[in-house]
Amino acid sequence: MKKEKKINFKLHLNLPKIKFPMKANLKENEKIIINKWNKINLYNSINKKNKKKFIIHDGPPFANGLIHIGHAYNKILKDIILKYKIFMNFNISYIPGWDCHGLPIELEIQKKNNFLKIKTKSEIISFKKKCFNYVNKQILLQKKDFIRLGIIADWNNIYKTMDYKIIANTLRTLNKLIKLNYLVRKDKPVYWCIKCKSSLSEYEIEYTTKKSKSSYISFFIKNNNKLFNILNIKDKKITNYKIELIIWTTTIWSIPGNCGIAVNKYIEYSIFYFNKRLILISNNSKNIFFNNKNIKYKIIKKFHGKKLLNIKVYHPFSKLEVPIIFDNKIDKYLGTGITHIASQHGYDDYILSKKYKIKGLNVINDNGKYIDYIYLKKIKNLNISESEKYIIKSLKNNNQLFLIEEIKHNYPHCGRHKYPIIFRSTLQWFINLKKNNIKKKILKSIKSVKWIPSWGYKKIKKMIKERPDWCISRQRYWGTPIPIFVNKKTNKLHPDTTNIIEKISNKIEKYGPQYWDNIEKKKLIKDNYNDYEKTSDILDVWFDSGSTCFSVLNTNFSDTKKINMYIEGSDQYRGWFMSSLIIHTIINNKAPYKTIISHGFTVDKYGNKMSKSLNNYINPQIIINKYGADILRLWVSISNYSDNISISEEILERTTDIYRKIRNTIRFFISNLEKFNPKKNLININKILLIDKYIIYKTKEKQKEIIKLFKNFKIYKIIKKIENFCINDLSSFYIDIIKDRKYTIKSNTTQLYSLQTTMFIIVNAIIKWIAPILSFTSEEIWNYIPGKKLNSIFLEKKFYKFKKIKNNLNLKIWDKLIIIKKEINKIIENKIQKKIINNSLESKITLYTNINFYNKIKFIKKELKFIFIVSKLNIKFYKNKNFLIKFKKINGIKCKRCWHFTQIKNIFYQICKRCLLNISGEGENRILA
């Protein structure tokens, strides 16, 4: 008997030729891609044609230390949005910047170089030089790390707030405010850190738990008889006692600076008699003193606070007479309903003192120590912490410490030293926010801004309303100088100040800020120069960064380059968002930005904010070395930035799984496009197979959804859309169906080119969807896509442009077919689990449906077995509206090539008729659109 010749059927299959690797090897590939971008100067190449422009202004991070995960999140989020804008045919403007001044840098240099006490001019020069060199070194390190994240930016044109030109432009911005009369110098309380020996901005403050002495202190009424007469108290047994007004405070150290007592004129107060004492407190606070103490007391008189007008009390440590004033913000349930006023140590106290023209007592120096004209001599030269025991002892000796207990409460601390701050009145420079109804203008300007998340509008609105004047001066060495001369007697600015600042700005732009340090005042002020002193303060770093909308982007103040977007952490509502808003609105009567996006802080899996002190942070460099920058970028994209953002090893592993699903889906398409030539083989979209046309339509609709999400900056929803599309529409549906056709169809036929055209279109669409997020991966894929291409995917400057699809798809029918397919899959899975069959091609399915549905699908009747991936499909009619599925294991012969089962017995070389046509005939006939 003649032996049958064996045929290698693989030679006759269109098997994928896989060059695009399954394993990403991101760590190495990303470096190669960065080198490529540098070589082609990608940023400038994108922006060659100046049509539409989109500007994100970079909020400058401090140039100290390596970048942390928060930096990485912020920069990647900006980059995703900018790259989306590239595909919307915008030219992007993104100049990275660094905040070079500020306390963190000073502290680092002090710590490393033993600059604990700077006294001489040469020490100051040396200190500033070390700060300058340190900052430049840090910027190089951070810049390198940001580039490694795949950030496309104008890296050759970065801005540094210590650059001579930037400092000069910052001073020109200050000069503009001076010309508009918004700069004032006054003595008022500011946040003061006794460790820094400087005022602090709100941004440099953090609230943490502190133990304090909750103290109830009595002030004796000066003229008891006067108050007895006002209240009509005539009982001589009572009028023989002194009335003690009880205040409550948690800052007992501020009592020496007391200059007034505040009550609420509308609160009901009472005079209580007990233990041969008369005390005056709010009626609602009696429980503090008498409940659970078995103290017998008697209410002598109830009255409202307005009765205390013109009554005075004695200062506890002197014969000073202290007035009673009204503050209707006082809460009747808080403390005793009576507060003590120390105008030098509290902003609200300062405002009340101004209102009632009360002169405050300055009792604390720069170091937080009591100065020599304090009436309590023992606390002279002691700091506020050391003084407490002496203040308490003195109050006890005078029988004026009514009650004291330790409490824990949130209290402002210096963000650098972690040390409790004080409010201290000093002579400082302020931006006057009461002038020209500027707050109303600012409130009006924020209405035109798009706030994302939307609660940002309410947040900044509240902050603006509550914001006091902005203190812009600091008592430090490293920073932008305030080059102003003030009269020694009147404390007024030199009348030629604006011209002087303009001259100094021009010189600083050429020679640096040391010009101001070295210039003698007589060279700038010719007449009466001895009447003026040269200020030594520097500008608040938030003035530096807040004025960058002018100093970096637009020095002529004309607002022709209004910034499209600021993107920063949610802490910047009181920081950079606010400082930029104030400066720009004063100068240009509008906000500097069109859109604000704020994001939360990075937190660990337990919800704790990441910090070095808690040792719960993840270094971005470690993540990149382990997973690759694209995994970090993917994590950013799936995190909802409107809330705090969690990161952990577990989250990164899940993120990697998402990456693999997307990559492997794309890999399947690319591996089946190797011999496809778009110029020759691309088929008209309306002449391809119906299922191909359907999936292209789905891809087009998905692209609309994704672009809409990008447009509304809902970045965190995009990857979920792409992942679902890859899993449900492609892998579980389309790819599952078309594998048979791709592998078995005859080469160089319309049916194969229809499939490859579809794959080509889908890959070109998906790659643009993921490019803003998975920038390195998309650039890698770009090299594998057939056809003539530009040098980088980011030079394309557009999403895939779909041609118009003729509407003969009847989408409702396809939706129902997908439902039927899912039900068939469930039945087949059940049979496989029960080991009745090994795979779906061992199935024979009978579909029962009504005649109406049958008439709609009969034109693709022959395609249905391929759609459902079974070897045999019959359709029968019944009257029910719903469909019915019946399964039967097929009896037949398995084709050695396509694995379908057939009833034909006389097959050639054990392959079916369809395969025979595809190998040696004209190829099988499939239904085109």
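Remember, predicted model here, so these are calculated numbers, not experimental data.

What counts and how
Residues numbered from 1 in each chain as written. Predicted model: local features only at pLDDT ≥ 70, side-chain atom pairs only at ≥ 80, totals over all residues. Heavy atoms only, no water. Helix = DSSP H or I, 4+ residues; strand = E, 2+ residues; numbered from the N terminus. Rg over C-alpha atoms; globule rule 2.2 N^0.38 Å. Buried < 20%, exposed > 50% of the residue type's maximum accessible area, 1.4 Å probe, protein only. Contact = heavy atoms within 4.5 Å. Pairing = 2+ DSSP bridges. Axes fitted to C-alpha atoms, helices over the stretch in contact; angles between N-to-C directions. Phe/Tyr/Trp six-rings, centres within 6.5 Å; stacked < 30°, edge-to-face > 60°. Lys NZ or Arg CZ within 6 Å of the ring centre and 35° of its normal. Parallel < 35°, antiparallel > 145°, perpendicular 65-115°, else oblique. Nonpolar A, V, L, I, M, F, W, Y, C, P; charged D, E, K, R; others polar. Disulfide = S-S within 2.5 Å. Expected span 1.5 Å × (residues − 1). Arc of directions from axis to C-beta. Patch = residues over 30% accessible without salt bridge, like charges linked within 9 Å, V, L, I, M, F, W, Y side chains within 5 Å. Areas by Shrake-Rupley, 256 points an atom, 1.4 Å probe, with all protein chains shown as cover. Salt bridge = Lys/Arg side-chain N within 4 Å of Asp/Glu carboxyl O. Lys, Arg positive; Asp, Glu negative; His and termini not counted. Charge placed at Lys NZ, Arg CZ, Asp CG, Glu CD. Polar contact = N/O pair within 3.5 Å; in protein donor to acceptor, adjacent residues only side chain to side chain.

This part covers the overall build of the chain. Within the chain, the secondary structure is distributed over 31 helices and 32 strands. Since a compact globule built from 929 residues should have a radius of gyration of about 30 Å, the 38 Å found for the chain marks it as more spread out than a globular shape. Seen along its three principal axes, the alpha-carbon backbone of the chain occupies a region of about 135 × 75 × 45 Å. Burial statistics for the chain: of 929 residues in total, 56% are counted as buried. The long-range fraction of contacts in the chain, counting pairs at least 24 apart against all pairs at least 6 apart in sequence, stands at 78%.

Our focus in this paragraph is the sheet that holds strand β15 (residues 338-341). The four strands are arranged β13-β14-β9-β15 in an open sheet whose pairing can be described as mixed. For this open sheet the edge positions go to β13 (312-314) and β15, each flanked by a neighbour on one side alone. Sheet twist, expressed as the average angle between the axes of neighbouring strands with direction ignored, equals 30°. Summarising the sheet, strand β9 (residues 260-263) and strand β14 (residues 321-326) pair through three bridges and their orientation is parallel. Bridging from a neighbouring strand, Ala 262 pairs with Ile 325 of β14.

By the criterion of burial, strand β5 (residues 183-193) is predominantly enclosed, with eight of the 11 residues buried. Of the strand pairs in this sheet, β5 and strand β6 (residues 198-199) are connected by two bridges, and their pairing is antiparallel. The residue of β6 that forms the bridge with Trp 192 is Ser 199. Connecting β5 to the next strand, β6, in antiparallel fashion are four residues, including Lys 197 with a positive phi near 55°.

Taken as a whole and assessed by the stated rule, the structure comprises 35 aromatic pairs. Seen in terms of ring centroids, Phe 87 and Phe 799 are 5.5 Å apart; in terms of plane orientation they differ by 45°. Their pairing is tilted. Here Phe 799 lies in the loop between α27 (775-782) and α28 (811-833) and Phe 87 lies in helix α3 (residues 69-87), a separation of 712 residues in the sequence. Of the residues examined, Phe 87 reaches a relative accessible area of 2% and is grouped as buried. Judged by relative accessible area, which is 7%, Phe 799 ranks as buried. An aromatic cluster of at least three residues, connected via ring pairs, comprises Trp 37, Tyr 84, Phe 87, Phe 710, Phe 776, Phe 794 and Phe 799. Seen from the ring of Phe 146, Lys 75 lies directly overhead, with NZ or CZ sitting 4.5 Å from the centre. The residue whose ring lies beneath Lys 894 is Trp 899, and the NZ or CZ to ring-centre distance is 5.0 Å.

Further remarks concern the packing of helix α25 (residues 718-744) against α28. Where α25 meets α28, the closest approach of the two axes is 12 Å, and the angle between their N-to-C directions is 85°. The orientation of α25 relative to α28 falls into the category roughly perpendicular. Along its contact with α25, which presents Ser 732, Phe 733, Asp 736 and Ile 737, the element α28 presents Trp 814, Ile 818 and Lys 821. Among the residues making up the contact of α25 with α28, the classes are represented as four nonpolar, one polar and two charged.

Across the sheet, six strands lie side by side as β12-β10-β11-β8-β7-β16; this open sheet has mixed pairing. Across the chains shown, the open sheet's two edge strands, defined by having one partner strand only, are β12 (298-304) and β16 (401-414). Shown here is a sheet whose adjacent strand axes are inclined to one another by a mean of 25°, direction ignored. Most of the contacts of helix α11 (residues 384-397) go to β16, to which it runs at about 155°, and overall it touches β7 (205-220) and β16.

Here we come to the environment of Leu 174. Along the polypeptide, Leu 174 turns up in helix α6 (residues 164-179). A relative accessible area of 0% means that Leu 174 is categorised as buried. Taking C-alpha positions, Leu 174 is 32 Å from Lys 111, a pair spaced 63 residues apart along the chain. Non-local contacts of Leu 174, meaning those with residues more than four positions away in its chain, are made with Leu 183, Ile 472, Ile 482, Leu 539 and Phe 543.

Time to look at the packing of helix α24 (residues 690-711) against helix α26 (residues 750-770). It is at 10 Å that the axes of α24 and α26 come closest, and there the two elements cross at 10°. Between α24 and α26, the crossing angle belongs to the class labelled roughly parallel. Residues Asp 692, Ile 695, Ile 696, Thr 699, Lys 702, Gln 703, Ile 706 and Phe 710 of α24 pack against Ser 754, Leu 755, Thr 758, Ile 761, Ile 762, Ala 765 and Trp 769 of α26. Of the residues belonging to the contact of α24 with α26, the class tally is nine nonpolar, four polar and two charged.

A complete count under the given rule lists zero disulfides for this structure. With no disulfide of its own, Cys 100 has Cys 131 as its nearest cysteine by sulfur position, at a separation of 11 Å. Overall, the relative accessible area of 0% leaves Cys 100 in the buried class. As a non-bridged cysteine, Cys 895 has Cys 898 as the owner of its nearest cysteine sulfur, 3.7 Å distant. Overall, the relative accessible area of 1% leaves Cys 895 in the buried class.

Its 14 residues place the ends of helix α1 (residues 26-39) 19 Å apart at the C-alpha level, agreeing with the 20 Å of an ideal helix rising 1.5 Å per residue. Looking at α1, one finds that the buried residues are Leu 26, Glu 30, Ile 33, Ile 34 and Trp 37. All buried residues of α1 project into a common sector of 105° when viewed along the axis, lining one side. Exposed positions of α1 whose direction lies more than 90 degrees from the buried face are Ile 32, Asn 35, Asn 38 and Lys 39. Against α2 (42-46), α5 (121-148), α21 (629-638), α22 (649-671) and α27 lie the buried residues of α1. Where α1 ends, the next residue or the one after it, Asn 41, has phi of about 50°, a positive value.

This brings us to the pairing of strand β11 (residues 277-282). Taking burial as the measure, the six residues of β11 include six buried ones, the bulk of the element. As paired strands, strand β8 (residues 243-249) and β11 are joined by three bridges and run parallel to one another. Residue pairing across strands places Ile 243 opposite Leu 278, the latter belonging to β11. Bridge count for strand β10 (residues 268-274) against β11 is six bridges, and the pairing is antiparallel. Each residue of the ladder has a partner; that of Phe 274, found in β11, is Arg 277. Between β10 and β11, which pair antiparallel in sequence order, lie two residues; one of them, Asn 275, sits at a positive phi of approximately 45°.

Here we take up unusual backbone geometry. Most peptide bonds take the trans form, and the phi angle of most residues other than glycine is negative. Each neighbour pair has its own omega, and for Ile 452 with Pro 453 the value is -5°, a cis peptide bond. Relative to the helices and strands, Pro 453 resides in the loop between β18 (450-452) and α13 (455-466). Phi at Asn 310 takes a positive value of approximately 70°, unusual for a residue other than glycine.

Residues Lys 450, Lys 708, Lys 711, Lys 714 and Lys 717 make up a contiguous surface patch of positive charge. Relative to the assigned elements, Lys 711 resides in helix α24.

With that out of the way, let us pick up the side chain of Ser 840. Along the chain, Ser 840 falls in the loop between α28 and β28 (843-849). Here Ile 869 takes part through its backbone oxygen, which lies 2.8 Å from a polar atom of the side chain of Ser 840.

Right, let's talk about the pattern of salt bridges for a bit. Tallied over the full model, the rule gives 42 salt bridges. With a closest N to O distance of 2.5 Å, Asp 58 and Lys 78 form a salt bridge. Here Asp 58, found in the loop between β1 (53-55) and α3, pairs with Lys 78, found in helix α3; they are 20 residues apart in sequence, far enough to count as distant. The exposure class of Asp 58 is buried, given its relative accessible area of 0%. Lys 78 sits in the buried class, given a relative accessible area of 0%. Here Lys 312 makes a salt bridge to Glu 321, at a shortest N to O gap of 3.9 Å. Residue Lys 312 is classed as partly exposed on the basis of its relative accessible area of 36%. Relative accessible area serves as the criterion here: at 40%, Glu 321 is assigned to the partly exposed category. Connected through salt bridges with shared partners, the residues Asp 58, Lys 75, Lys 78 and Glu 568 form a single ionic network.

Take it as geometry only, folks, not as evidence of what the structure does.
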